[in-house]
Amino acid sequence: METMQAEQTSKRTIPLWAQVLIWGGLLGLLAVLAWGLVRAQQGTVQPGDTIPDFTLPLFSGYEYNGQSEVHLSELRGKVVVINFWASWCKPCEQEAAELESAWRHYRESGDVVFLGADYVDTEPEARQYLRRFDITYPNGPDKGTKISQLFRIKGVPETYFIDRQGVLRYVQIGPFRSEDEIRAIIDPLLAP
Amino acid sequence: MITKAPLSTLSRAALFALLIVAAAFVLLAWQADTVHAQAPTPSDDEVNAIARQLYCPVCENTPLDVCPTEACRQWRELIRQKLAEGWTEEQIKQYFVENYGARVLAEPPRQGVFWLAYIVPPIAILAGAFILYRALKAWNRPEAAAPGVGESEATPVQDEYMARLEEELRKRE
């Protein structure tokens with residue numbers, strides 16, 4: 001009885017506003033943790049998702065339509081292939097020549113744009129990599145890892161195919177084995 | 001008689017200009033030597049002092065100074081290069097944040113949502129201490145300040161209970 005009394009006294013002395021504040025704070029903290037866990041479990045963006053606009057600054061020596069950066073929103077009406085890579089990434093080397101070859105195949109038509117986003121890399125090594133594989137399509141650093149966070153990439157290489165309406169159509173995790181593999185994904189997206 | 005021919009005004013001016021140019025060259029050469037002397041290749045310890053404050057996003061939970069991957073090796077070389085160029089520790093860390101995001105920092109920056117990392121733990125500790133204090137106080141209270149039967153603090157429910165209890169005791173007598 002006395003214990004009950006003591007408990008009741010204790011409960012009575014905590015003001016209501018303090019209780020609301022404590023429980024509100026705890027729930028808020030739990031919500032933040034839950035949001036973080038959900039994001040961590042989400043995986044990459046999925047086909048069917050509309051990709052929000054982003055800006056890719058280009059390495060010097062690269063340009064797109066005379067500009068030193070590329071805005072995704074300006075590429076509506078074209079099929080966009082965005083490849084995440086890094087100079088320290090060995091599997092990226094396996095597909096570098098295939099990507100460049102596919103880009104050269106579509107370059108003249110103007111319907112397809114290839115973009116290279118250099119992930120968590122150092123510029124001298126990145127430039128060396130680009131020279132080594134003679135990569136000519138627009139390439140730039142993923143500054144602050146903003147673009148890779150937008151796509152929620154899990155590693156490199158990863159390649160995303162966005163249709164003319166800005167909707168993601170295909171995600172390639174890991175390197176391509178051949179140019180044909182790349183073209184087999186792009187060609188249906190070009191069909192009227 | 002051989003007499004020393006006096007230098008013309010023009011020749012004197014040319015000589016003076018030549019001396020100034022030579023002095024400038026000597027000064028520049030001395031400055032270049034000084035720069036080389038002041039900026040030797042930064043040691044591994046100097047590089048690691050900054051590297052241990054950074055984490056590469058590729059190798060989560062591994063500080064940059066002990067991370068064995070190629071990406072981290074490149075980052076350490078970048079730190080060495082920046083140190084050799086005379087950058088300060090803060091400038092280098094800022095460069096990494098701008099290029100790779102705030103998550104590369106071992107200590108979250110004191111801004112935006114990152115403040116939670118600094119605010120929540122002390123608040124949680126203080127709240128825990130407060131709850132513990134109150135719990136201990138509540139446990140000790142019954143012996144020290146238990147209100148007597150029939151005191152005004154008793155609730156009506158307790159009054160009823162006590163009345164019934166006393167009634168039962170009376171009956172037993």
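Residues numbered from 1 in each chain as written. Chains lettered and ligands numbered in written order. Predicted model: local features only at pLDDT ≥ 70, side-chain atom pairs only at ≥ 80, totals over all residues. Heavy atoms only, no water.

K.L.:
Please give an account of the overall build of chain A that cites residues and values.
P.N.:
If you tally the helices and strands in chain A, you get six helices and seven strands. Helices and strands appear in chain A in the N-to-C order α-α-β-β-β-α-β-α-β-α-β-β-α. Expected size for 192 residues packed as a compact globule is a radius of gyration near 16 Å; at 24 Å, chain A overshoots this value by more than 25%. Projected onto its principal axes, the C-alpha positions of chain A cover 85 × 40 × 30 Å. Taken over 192 residues, chain A has a buried fraction of 45%. When contacts within chain A are restricted to residue pairs at least 6 apart in sequence, those whose partners lie at least 24 apart make up 73%. Only carbon and sulfur atoms are counted for the fraction: they give 56% of the accessible area of chain A, which is about 10100 Å². Here chain A contributes 19 positively and 25 negatively charged side chains, and the mean placements of these two sets differ by 4 Å. (Helix = DSSP H or I, 4+ residues; strand = E, 2+ residues; numbered from the N terminus. Rg over C-alpha atoms; globule rule 2.2 N^0.38 Å. Buried < 20%, exposed > 50% of the residue type's maximum accessible area, 1.4 Å probe, protein only. Contact = heavy atoms within 4.5 Å. Areas by Shrake-Rupley, 256 points an atom, 1.4 Å probe, with all protein chains shown as cover. Lys, Arg positive; Asp, Glu negative; His and termini not counted. Charge placed at Lys NZ, Arg CZ, Asp CG, Glu CD.)

K.L.:
Tell me about the pattern of salt bridges, and please be specific about residues and values.
P.N.:
Residue and element names in this part refer to chain A. If you walk through the whole model with that rule in mind, you get 14 salt bridges over all chains. Salt-bridge contacts for Glu 93 lead to Lys 90; the nearest nitrogen and oxygen are separated by 3.5 Å. With Glu 93 and Lys 90 both in helix H3 (residues 90-107) and three residues apart, this pair spans about one turn of that helix. Look at Glu 93 and you get buried, because its relative accessible area is 17%. Residue class for Lys 90 comes out exposed when judged on its relative accessible area of 56%. One salt bridge in this structure joins Glu 179 and Arg 183, with 3.1 Å as the shortest N-O distance. With Glu 179 and Arg 183 both in helix H6 (residues 179-190), this residue pair falls four residues apart, about one helical turn. Where salt bridges share partners, they join Lys 90, Glu 93 and Arg 132 into one cluster. (Salt bridge = Lys/Arg side-chain N within 4 Å of Asp/Glu carboxyl O.)

K.L.:
So what's going on with H3(A)? Which residues, and what values?
P.N.:
Residues and elements named next belong to chain A. Taking 1.5 Å per residue, 18 residues should reach 26 Å; H3 reaches 26 Å between its end C-alpha atoms and fits that length. In the structure, H3 departs most strongly from a straight axis at Ala 96, where the bend amounts to approximately 35°. Listed as buried for H3 are Cys 92, Glu 93, Glu 95, Ala 96, Leu 99, Glu 100, Ala 102, Trp 103 and Tyr 106. (Expected span 1.5 Å × (residues − 1). Bend = angle between axes of the 7 residues up to and from the residue.)

K.L.:
Requested: an account of the sheet that holds strand S3 (residues 79-85) of chain A, with residues and values cited.
P.N.:
Residues and elements named next belong to chain A. The strand order across the open sheet built from five strands is S5-S4-S3-S6-S7, with neighbouring strands paired in mixed fashion. Two strands in the sheet have a free side with no partner beyond their single neighbour: strand S5 (139-141) and strand S7 (168-173). Between one strand axis and the next, the sheet turns through 20° on average, direction left out of account. Here S3 pairs with strand S4 (residues 112-118) via seven bridges, running parallel. Looking at S4, one finds that Trp 85 is bridged to Asp 118. (Pairing = 2+ DSSP bridges. Axes fitted to C-alpha atoms, helices over the stretch in contact; angles between N-to-C directions.)

K.L.:
So, the packing of H3(A) against H6(A): which residues are in play, and what are the values?
P.N.:
Residues and elements named next belong to chain A. Relative orientation of the contacting elements H3 and H6 amounts to 40°, with a least axis distance of 9 Å. H3 and H6 meet at a crossing whose hand is right-handed. Each of Glu 98, Leu 99, Ser 101, Ala 102, His 105 and Tyr 106 in H3 lies in contact with H6, whose residues at this interface are Glu 179, Ile 182, Arg 183, Ile 186, Asp 187 and Leu 190. A per-class count over the contact of H3 with H6 returns six nonpolar, two polar and four charged. (Left-handed = near helix turned anticlockwise from the far one by under 90°. Nonpolar A, V, L, I, M, F, W, Y, C, P; charged D, E, K, R; others polar.)

K.L.:
Please set out the domain arrangement of chain A residue by residue, giving values where relevant.
P.N.:
Much of the literature gives interface size as the accessible area that the parts lose upon coming together. Segmenting chain A into domains produces domain 1 (2-42) and domain 2 (55-190). Inter-centroid distance (C-alpha atoms) of domain 1 of chain A to domain 2 of chain A is 48 Å. (Domains from an automatic or database assignment.)

K.L.:
Any chance you could break down the confidence of the model for chain B for me, citing the residues and the numbers?
P.N.:
Residues and elements named next belong to chain B. Summary statistics for chain B give a mean pLDDT of 80 and a share of 72% for residues scoring 70 or more. Of all helices and strands in chain B, the one with the weakest mean pLDDT is helix H1 (residues 9-38) (61), whereas helix H2 (residues 44-51) scores best (96). In this model, residues 1-5 is a region of pLDDT below 50 whose contacts with residues beyond four sequence positions or in other chains number zero contacts. Residue range residues 32-37 is modelled with pLDDT below 50. Its contacts to residues more than four positions away, or to other chains, number zero contacts. Predicted complex, confidence summary: ipTM 0.76, pTM 0.71. (pLDDT = per-residue confidence, 0-100.)

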